[in-house]
Amino acid sequence: MDNNITTRKNPSRETCQKTIKRILVTEVLEKGKNEQFRQASDFMPFFQSLYAPSDALTKQVQRAVKAMDMPRDENGYFIVNKTSDQMEQDNEIRSLLQKGNATLLSFESSEPILLKVDSPVVDYLIHTLESSISLKNKYDTMIKTSNGILILTREKARVLAYIQNILSTKSI
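Below is a summary of the structure that appears in this document. Just so it is clear, the model here is predicted, and its values are computed rather than measured.

**Concerning the sheet that holds strand S2 (residues 141-145)**
Part 1 of the argument: Strand order in the open sheet formed by three strands is S1-S3-S2, with antiparallel pairing between adjacent strands. If you trace the sheet from one side to the other, it starts and ends with strand S1 (111-116) and S2, each paired once. Each strand axis lies, on average, 25 degrees off the axis of its neighbour in the sheet, ignoring direction.
Part 2 of the argument: Across five bridges, the pairing between S2 and strand S3 (residues 148-153) is antiparallel. Bridging from a neighbouring strand, Thr141 pairs with Leu152 of S3.

**Re the nonpolar core**
Part 1 of the argument: By size, the foremost hydrophobic cluster in this structure holds 17 residues, and its most contacted members are Ile20, Leu24, Phe43 and Val61.
Part 2 of the argument: Those elements giving two or more residues to this core turn out to be helix H1 (13-31), helix H2 (44-50) and helix H3 (55-68).
Part 3 of the argument: Top contributing element to this core by residue count: H3, with five residues.
Part 4 of the argument: When near neighbours in sequence (up to four residues on either side) are disregarded, Leu24 contacts Asn34, Phe37, Phe43, Met70, Phe78 and Val80.
Part 5 of the argument: Leu115, Ile126, Leu129 and Ile151 belong to the second largest nonpolar core, which has twelve residues in total.

**Quick notes on the side chain of Gln17**
Part 1 of the argument: Relative to the assigned elements, Gln17 resides in helix H1.
Part 2 of the argument: Sequence-distant contacts of Gln17, that is, excluding residues within four places in its chain, are made with Ala64, Ala67 and Met68.

**Considering the layout of surface pockets**
Part 1 of the argument: Volume-wise, the largest pocket comes out at about 220 Å³.
Part 2 of the argument: If you trace the largest pocket, you find it lined by Val28, Gly32, Lys33, Asn34, Arg72, Asp73, Glu74, Phe78, Ile79, Val80, Met87 and Asn91.
Part 3 of the argument: Of the residues contributing to the lining of the largest pocket, the split by class is five nonpolar, three polar and four charged.
Part 4 of the argument: Along the walls of the second largest pocket sit Leu115, Val117, Leu125, Thr128, Leu129, Tyr162, Ile163, Ile166 and Leu167, which together make up its complete lining.
Part 5 of the argument: If you list the elements that add at least two residues to the lining of the second largest pocket, you get helix H5 (122-130) and helix H6 (156-168).
Part 6 of the argument: Among the elements that make up the lining of the second largest pocket, the one with the highest residue count is H6 (four residues).
Part 7 of the argument: Looking at the lining of the second largest pocket, its residues break down into eight nonpolar, one polar and no charged.

**Looking at H3**
In an α-helix there are 3.6 residues to a turn, and that puts residues three or four apart on one side.
Part 1 of the argument: Compared with an ideal rise of 1.5 Å per residue, which puts 14 residues at 20 Å, H3 spans 20 Å between its outermost C-alpha atoms and is within 8% of the ideal.
Part 2 of the argument: Of all the residues in H3, the buried ones are Leu57, Gln60, Val61, Ala64, Val65 and Met68. Along H3, the residues classed as buried sweep out an arc of 135 degrees about the axis, all on the same side. For H3, the exposed residues lying more than 90 degrees away from the buried face are Asp55 and Lys66.

**Some remarks on the side chain of Ser110**
Part 1 of the argument: Position of Ser110 relative to the elements: it lies in the loop between helix H4 (84-99) and S1.
Part 2 of the argument: In this structure Ser110 comes out as buried when scored by relative accessible area, which is 11%.
Part 3 of the argument: Side-chain polar atoms of Ser110 contact the side chain of Asp140, separated by 2.2 Å.
Part 4 of the argument: Among residues more than four places away in sequence, those in contact with Ser110 are Asp140, Leu152, Thr153 and Arg154.

The rules behind these values
- Residues numbered from 1 in each chain as written.
- Predicted model: local features only at pLDDT ≥ 70, side-chain atom pairs only at ≥ 80, totals over all residues.
- Heavy atoms only, no water.
- Pairing = 2+ DSSP bridges.
- Helix = DSSP H or I, 4+ residues; strand = E, 2+ residues; numbered from the N terminus.
- Axes fitted to C-alpha atoms, helices over the stretch in contact; angles between N-to-C directions.
- Core = buried A, V, L, I, M, F, W, Y, C linked by side-chain atoms within 4.5 Å.
- Buried < 20%, exposed > 50% of the residue type's maximum accessible area, 1.4 Å probe, protein only.
- Contact = heavy atoms within 4.5 Å.
- 1 Å grid on protein atoms, 1.4 Å probe; cavity = no way out; pocket = protein on both sides within 12 Å on 5 of 7 lines; lining within 4 Å.
- Points joined across faces, edges and corners; volume = space filled by probe spheres on them.
- Nonpolar A, V, L, I, M, F, W, Y, C, P; charged D, E, K, R; others polar.
- Expected span 1.5 Å × (residues − 1).
- Arc of directions from axis to C-beta.
- Polar contact = N/O pair within 3.5 Å; in protein donor to acceptor, adjacent residues only side chain to side chain.

Put into C-alpha coordinates, the structure is as follows:
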(Lines give C-alpha, C1' and ligand atoms only; values in the text may rest on other atoms or scores of the structure.)
Protein backbone atom coordinates (compact mmCIF):
# COMPACT_ATOMS: atom_id res chain seq x y z
CA MET A 1 0.00 0.00 0.00
CA ASP A 2 1.30 3.47 -0.92
CA ASN A 3 1.60 5.68 2.17
CA ASN A 4 1.75 8.87 0.06
CA ILE A 5 -1.95 8.68 -0.77
CA THR A 6 -4.04 10.48 1.82
CA THR A 7 -7.75 10.07 2.08
CA ARG A 8 -9.94 12.81 3.41
CA LYS A 9 -12.72 11.73 5.72
CA ASN A 10 -14.31 15.16 5.83
CA PRO A 11 -14.70 17.90 3.21
CA SER A 12 -12.50 20.98 3.36
CA ARG A 13 -14.00 24.23 4.65
CA GLU A 14 -14.00 25.59 1.09
CA THR A 15 -15.89 22.51 -0.13
CA CYS A 16 -18.39 22.93 2.70
CA GLN A 17 -18.86 26.60 1.76
CA LYS A 18 -19.52 25.74 -1.90
CA THR A 19 -21.95 23.01 -0.89
CA ILE A 20 -23.79 25.26 1.57
CA LYS A 21 -24.07 27.97 -1.07
CA ARG A 22 -25.39 25.44 -3.60
CA ILE A 23 -27.94 24.18 -1.04
CA LEU A 24 -29.15 27.72 -0.30
CA VAL A 25 -29.29 28.75 -3.96
CA THR A 26 -31.35 25.64 -4.74
CA GLU A 27 -33.64 26.39 -1.80
CA VAL A 28 -34.21 29.94 -3.04
CA LEU A 29 -34.78 28.82 -6.64
CA GLU A 30 -37.28 26.15 -5.60
CA LYS A 31 -39.16 27.98 -2.85
CA GLY A 32 -38.49 31.64 -3.60
CA LYS A 33 -36.58 32.17 -0.36
CA ASN A 34 -34.76 30.27 2.35
CA GLU A 35 -37.26 28.97 4.90
CA GLN A 36 -35.24 26.04 6.21
CA PHE A 37 -31.67 26.99 7.12
CA ARG A 38 -31.00 29.16 10.18
CA GLN A 39 -27.85 27.62 11.63
CA ALA A 40 -25.01 25.26 10.77
CA SER A 41 -26.79 22.26 12.26
CA ASP A 42 -29.58 22.62 9.69
CA PHE A 43 -27.07 21.61 7.00
CA MET A 44 -25.85 18.54 8.89
CA PRO A 45 -28.36 15.97 7.52
CA PHE A 46 -27.11 16.75 4.02
CA PHE A 47 -23.42 16.48 4.97
CA GLN A 48 -24.03 13.35 7.05
CA SER A 49 -25.60 11.70 4.03
CA LEU A 50 -22.30 12.19 2.18
CA TYR A 51 -19.72 11.85 4.95
CA ALA A 52 -19.41 9.83 8.14
CA PRO A 53 -21.00 11.72 11.03
CA SER A 54 -18.39 13.06 13.41
CA ASP A 55 -17.55 16.00 15.63
CA ALA A 56 -14.91 17.03 13.10
CA LEU A 57 -17.54 17.19 10.33
CA THR A 58 -19.83 19.27 12.52
CA LYS A 59 -17.00 21.69 13.36
CA GLN A 60 -16.00 21.95 9.68
CA VAL A 61 -19.58 22.86 8.67
CA GLN A 62 -19.75 25.38 11.53
CA ARG A 63 -16.46 26.96 10.39
CA ALA A 64 -17.74 27.14 6.82
CA VAL A 65 -20.96 28.87 7.86
CA LYS A 66 -19.03 31.34 10.03
CA ALA A 67 -16.51 32.06 7.24
CA MET A 68 -19.33 32.77 4.78
CA ASP A 69 -20.51 35.66 6.99
CA MET A 70 -24.08 35.34 5.72
CA PRO A 71 -26.62 37.82 7.00
CA ARG A 72 -30.02 36.69 8.19
CA ASP A 73 -33.49 37.86 7.30
CA GLU A 74 -36.00 39.12 9.86
CA ASN A 75 -36.89 35.50 10.75
CA GLY A 76 -33.28 34.43 11.26
CA TYR A 77 -32.85 32.48 8.02
CA PHE A 78 -29.59 32.78 6.09
CA ILE A 79 -29.55 35.07 3.07
CA VAL A 80 -27.42 33.67 0.27
CA ASN A 81 -25.18 35.79 -2.00
CA LYS A 82 -24.79 38.66 0.46
CA THR A 83 -22.38 39.33 3.26
CA SER A 84 -23.24 41.08 6.50
CA ASP A 85 -21.45 44.19 5.17
CA GLN A 86 -23.60 44.15 2.05
CA MET A 87 -26.77 43.85 4.13
CA GLU A 88 -25.62 46.74 6.32
CA GLN A 89 -25.04 48.86 3.20
CA ASP A 90 -28.40 47.82 1.75
CA ASN A 91 -30.13 48.80 4.99
CA GLU A 92 -28.39 52.20 4.96
CA ILE A 93 -29.43 52.76 1.34
CA ARG A 94 -33.01 51.68 2.16
CA SER A 95 -33.10 54.14 5.07
CA LEU A 96 -31.82 57.00 2.92
CA LEU A 97 -34.28 56.21 0.12
CA GLN A 98 -37.15 56.19 2.62
CA LYS A 99 -36.01 59.44 4.26
CA GLY A 100 -35.76 61.05 0.82
CA ASN A 101 -39.20 59.77 -0.29
CA ALA A 102 -37.48 58.14 -3.28
CA THR A 103 -39.41 56.83 -6.24
CA LEU A 104 -38.17 55.33 -9.47
CA LEU A 105 -38.76 57.27 -12.65
CA SER A 106 -38.15 55.74 -16.05
CA PHE A 107 -36.95 58.02 -18.83
CA GLU A 108 -38.45 55.80 -21.55
CA SER A 109 -41.19 58.29 -22.31
CA SER A 110 -39.07 61.37 -21.61
CA GLU A 111 -37.78 63.46 -24.48
CA PRO A 112 -34.59 65.52 -24.42
CA ILE A 113 -34.35 69.25 -25.01
CA LEU A 114 -30.94 70.90 -25.19
CA LEU A 115 -31.00 74.53 -24.15
CA LYS A 116 -27.75 76.05 -25.38
CA VAL A 117 -26.55 78.57 -22.83
CA ASP A 118 -23.19 80.17 -22.08
CA SER A 119 -21.62 78.48 -19.07
CA PRO A 120 -21.38 81.49 -16.69
CA VAL A 121 -25.16 81.53 -16.20
CA VAL A 122 -25.98 77.80 -16.41
CA ASP A 123 -26.02 77.03 -12.67
CA TYR A 124 -28.15 80.02 -11.79
CA LEU A 125 -30.48 79.37 -14.75
CA ILE A 126 -31.00 75.76 -13.68
CA HIS A 127 -31.84 76.95 -10.17
CA THR A 128 -34.27 79.54 -11.55
CA LEU A 129 -35.94 77.07 -13.93
CA GLU A 130 -36.29 74.53 -11.08
CA SER A 131 -38.17 77.08 -9.00
CA SER A 132 -40.31 78.28 -11.93
CA ILE A 133 -44.04 78.08 -11.23
CA SER A 134 -44.70 77.79 -14.98
CA LEU A 135 -42.42 74.73 -15.35
CA LYS A 136 -43.52 72.95 -12.18
CA ASN A 137 -44.15 69.25 -12.95
CA LYS A 138 -43.29 69.80 -16.65
CA TYR A 139 -39.80 68.23 -16.60
CA ASP A 140 -38.22 65.09 -15.13
CA THR A 141 -34.71 66.50 -14.66
CA MET A 142 -32.25 69.12 -15.81
CA ILE A 143 -28.58 68.34 -16.30
CA LYS A 144 -25.74 70.81 -16.78
CA THR A 145 -23.83 69.98 -19.98
CA SER A 146 -20.70 71.34 -21.63
CA ASN A 147 -22.74 73.75 -23.71
CA GLY A 148 -25.93 74.35 -21.78
CA ILE A 149 -28.73 72.46 -20.06
CA LEU A 150 -30.23 69.11 -21.00
CA ILE A 151 -33.88 68.95 -20.00
CA LEU A 152 -35.66 65.61 -19.93
CA THR A 153 -39.41 66.03 -20.12
CA ARG A 154 -42.64 64.17 -20.84
CA GLU A 155 -44.19 67.44 -21.99
CA LYS A 156 -41.74 68.52 -24.65
CA ALA A 157 -44.19 70.77 -26.53
CA ARG A 158 -45.13 72.71 -23.38
CA VAL A 159 -41.51 73.16 -22.22
CA LEU A 160 -40.42 74.24 -25.71
CA ALA A 161 -43.36 76.65 -26.00
CA TYR A 162 -42.58 78.14 -22.58
CA ILE A 163 -38.87 78.67 -23.33
CA GLN A 164 -39.58 80.02 -26.85
CA ASN A 165 -42.17 82.41 -25.44
CA ILE A 166 -39.69 83.65 -22.80
CA LEU A 167 -36.96 84.09 -25.47
CA SER A 168 -39.25 86.03 -27.82
CA THR A 169 -40.75 88.31 -25.16
CA LYS A 170 -38.99 91.59 -24.47
CA SER A 171 -38.11 92.48 -20.91
CA ILE A 172 -40.30 94.99 -19.14
